[in-house]
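Fold and geometry: a report
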Amino acid sequence: MRIDVVTIFPDFFSVLDVSLLGRARQSGLVDARVHDLRAFTHDRHRTVDDTPYGGGAGMVMKPEPWGEAFDAVLGTDASAQTPATVVFPSPAGERFTQAIAHELAEAPHLVFACGRYEGIDSRVAEHVATRATVRELSLGDYVLNGGEVAVVAMLEAITRLVPGMVGNPESIVEESHADGLLEYPIYTKPATWRGLDVPDVLRSGDHGKVAAWRREQAIERTRRVRPDLLEG
Ligand SMILES: Nc1c(O)cccc1[N+](=O)[O-]
């Protein structure tokens, strides 16, 4: 899987050199590249923003540097069988979910466009849609200063699903949201800690009873904390 990230804060993604993603990068499972948007400017001040048409507070990211950045990262896709998927993290986007993480983990080429200021000139996504699959995705209903934080989270959620990324693929199956439910409570030694005991069923050795208890706990926790996940 190839991943390109375009941002005015490339250092934000030094995280790609550590953790799971760092190892995957070194192993060649993931070819992740970070691009500084200012590398696609041509003026002395390396300008990436300007005032909004129609007035209003804040600044808008200019289309020209983005156009050149996408030329650079999408150029080779002209002959690609599957067009790239370009993700614009945005509070106005579709909610990013585990299901979408699985979908994007199948994509051969992902590009993440990190907006700043009030956002990117809307013509950029319109233009890119003629050359790639565009997804506008939101991490949550709150205001961030830009897309970088959201992209780091999405990158972790997506790349850990790439085959070979995690040691035990089983560990992915039994996680919160993996089966549409929140994860059941988990315990390890000691059996009693500060007067609190591990549920007896988990020490019974009866795998059937353990599985039933875990399912019941996951449903109960989901009903209590995220009833919306049980609808529909
Ligand atoms: N919420 C937000 C934002 O305020 C700015 C960029 C991206 C996001 N997001 O992905 O959730």
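Residues numbered from 1 in each chain as written. Predicted model: local features only at pLDDT ≥ 70, side-chain atom pairs only at ≥ 80, totals over all residues. Heavy atoms only, no water.

**Quick notes on the pairing of strand β6 (residues 109-113)**
Rules: For each residue, the accessible area found with a 1.4 Å probe, counting protein chains only, is set against the maximum for its type, and the residue is called buried under 20%, exposed over 50%, and partly exposed in between. Only DSSP runs of H or I with at least four residues qualify as helices, and only runs of E with at least two residues qualify as strands; both kinds are numbered from the N terminus onward. DSSP calls a pair of strands paired once it identifies at least 2 bridges connecting them.
For β6, the buried fraction is high: five of the five residues fall into the buried class. Here β6 shows no split at all, with H109, V111 and A113 on one side and L110 and F112 on the other all buried. Bridge count between strand β1 (residues 2-7) and β6: five bridges; the pairing is parallel. Paired with V5 across the two strands is F112, which belongs to β6.

**Regarding the sheet that holds strand β7 (residues 133-138)**
So the rule is basically this: In this description, a line fitted to the C-alpha atoms serves as the axis of each element, helices being fitted only across the stretch in contact, and the angle between N-to-C directions of two axes falls anywhere from 0 to 180 degrees. In what follows, residue pairs with any heavy atoms lying within 4.5 Å of each other are defined as contacts.
The strand order β2-β1-β6-β5-β7 describes an open sheet built from five strands, whose pairing is parallel. Across the chains shown, the open sheet's two edge strands, defined by having one partner strand only, are β2 (31-36) and β7. Taken over all neighbouring pairs, the strand axes of this sheet differ in orientation by 25° on average, direction set aside. Strand direction decides the pairing type here: strand β5 (residues 85-95) and β6, joined by three bridges, are parallel. The residue bridging V86 from the neighbouring strand is V111, located in β6. Across the sheet, helix α2 (residues 63-74) is in contact with β1, β2, β5 and β6; its angle to β6 comes to roughly 165°.

**Observations regarding α2**
Rule in force here: To estimate how far a helix should reach, multiply one less than its number of residues by 1.5 Å.
Taking 1.5 Å per residue as the helical rise, α2 with its 12 residues ought to reach 16 Å, and the 16 Å between its terminal C-alpha atoms agrees with that figure. Buried within α2 we find P65, W66, G67, A69, F70, V73 and L74. The inward-facing, buried residues of α2 abut β1, β2, β4 (60-61), β5, β6 and α4 (123-128).

**Observations regarding the pattern of salt bridges**
Cut-off, in case you're wondering: By definition here, a salt bridge exists when the distance from a side-chain nitrogen of Lys or Arg to a carboxyl oxygen of Asp or Glu is within 4 Å.
According to the stated counting rule, one finds 11 salt bridges in the structure shown. Of the charged contacts in the structure, one is a salt bridge between D31 and R33, with a shortest N-O distance of 2.6 Å. Via salt bridges that share partners, E94, E103 and R135 belong to a single interconnected network.

**Side note on the nonpolar core**
The following threshold applies: Only buried residues count toward a nonpolar core, which is a set of Ala, Val, Leu, Ile, Met, Phe, Trp, Tyr and Cys residues joined through side-chain atoms within 4.5 Å.
In terms of nonpolar packing, the biggest core is built from 28 residues, with F96, F112, L155 and I158 touching the most fellow members. Among the elements that make up this core, the one with the highest residue count is helix α5 (residues 148-159) (six residues). Apart from residues no more than four positions distant in its own chain, F96 is found in contact with A101, L104, L137, S138, L139, M154, A157 and I158. With 20 residues, the next largest nonpolar core counts A69, F70, I120 and V128 among its residues.

**A look at the packing of aromatic side chains**
We count it as follows: Classification of ring pairs uses Phe, Tyr and Trp, with its six-membered ring standing for Trp, and accepts pairs whose centres are within 6.5 Å; under 30 degrees between planes counts as stacked, over 60 as edge-to-face, and the remaining range as tilted.
This structure, assessed with the given rule, holds three aromatic pairs. One aromatic cluster is present, formed by W66, F70 and F88 through successive ring pairs.

**Section: the side chain of R2**
Applied cut-off: Residues adjacent in sequence count toward polar contacts only when both atoms are side-chain atoms; beyond that, a polar contact is any pair of N or O atoms within 3.5 Å, and within protein one must be able to donate a hydrogen and the other to accept it.
You can see R2 is positioned in strand β1. Engagement of the side chain of R2 in a polar contact is seen with the side chain of D4, the distance being 2.7 Å.

**Here we look at a nonpolar patch on the surface**
Our working rule: Residues form patches when they are more than 30% accessible in relative terms and have no salt bridge. Like charges link within 9 Å. Nonpolar side chains (Val, Leu, Ile, Met, Phe, Trp, Tyr) link within 5 Å. Accessible surface is estimated by sampling points in the Shrake-Rupley manner with a 1.4 Å probe; for residues, cover comes only from the protein chains shown.
Judged by side-chain polarity, F9, F12, Y142, L144 and V149 come together as a nonpolar surface patch covering roughly 430 Å² of accessible area. With respect to the element layout, F12 can be found in the loop between β1 and α1 (19-27). Residue F12 is classed as partly exposed on the basis of its relative accessible area, which comes to 35%.

**Here we look at the confidence of the model for the protein chain**
Just so we agree on the cut-off: Looking at any residue, its pLDDT shows the predictor's confidence there, from 0 to 100.
A residue-level look at the protein chain finds 93% of positions with pLDDT of 70 or above and a mean pLDDT of 92. Of the two predicted TM-score estimates for the complex, the pTM is 0.91 and the ipTM is 0.97.

**Observations concerning the UniProt feature "binding site: S-adenosyl-L-methionine" (unreviewed entry) in the protein chain**
Basically, it comes down to this: UniProt positions are given in the numbering used here, feature names are shortened, and annotations may be inferred rather than shown by experiment. A pocket here means an open set of points on a 1 Å grid, computed over the protein atoms alone, that has protein on both sides within 12 Å along at least five of seven lines. A cavity is instead a set of points where a 1.4 Å probe fits but cannot get out; residues with an atom within 4 Å of a point line either one.
According to UniProt, the positions carrying the feature "binding site: S-adenosyl-L-methionine" (unreviewed entry) are G115, L139, G140, D141, Y142, V143 and L144. Of the annotated set named above, G115, L139, G140, Y142, V143 and L144 line the largest pocket. Along the polypeptide, G115 turns up in the loop between β6 and α4. You can call G115 buried: its relative accessible area is 14%. Those residues in contact with G115 that sit more than four places away from it in its chain are M61, I120, G146, G147 and E148. When you line up the elements, V143 lands in the loop between β7 and α5.

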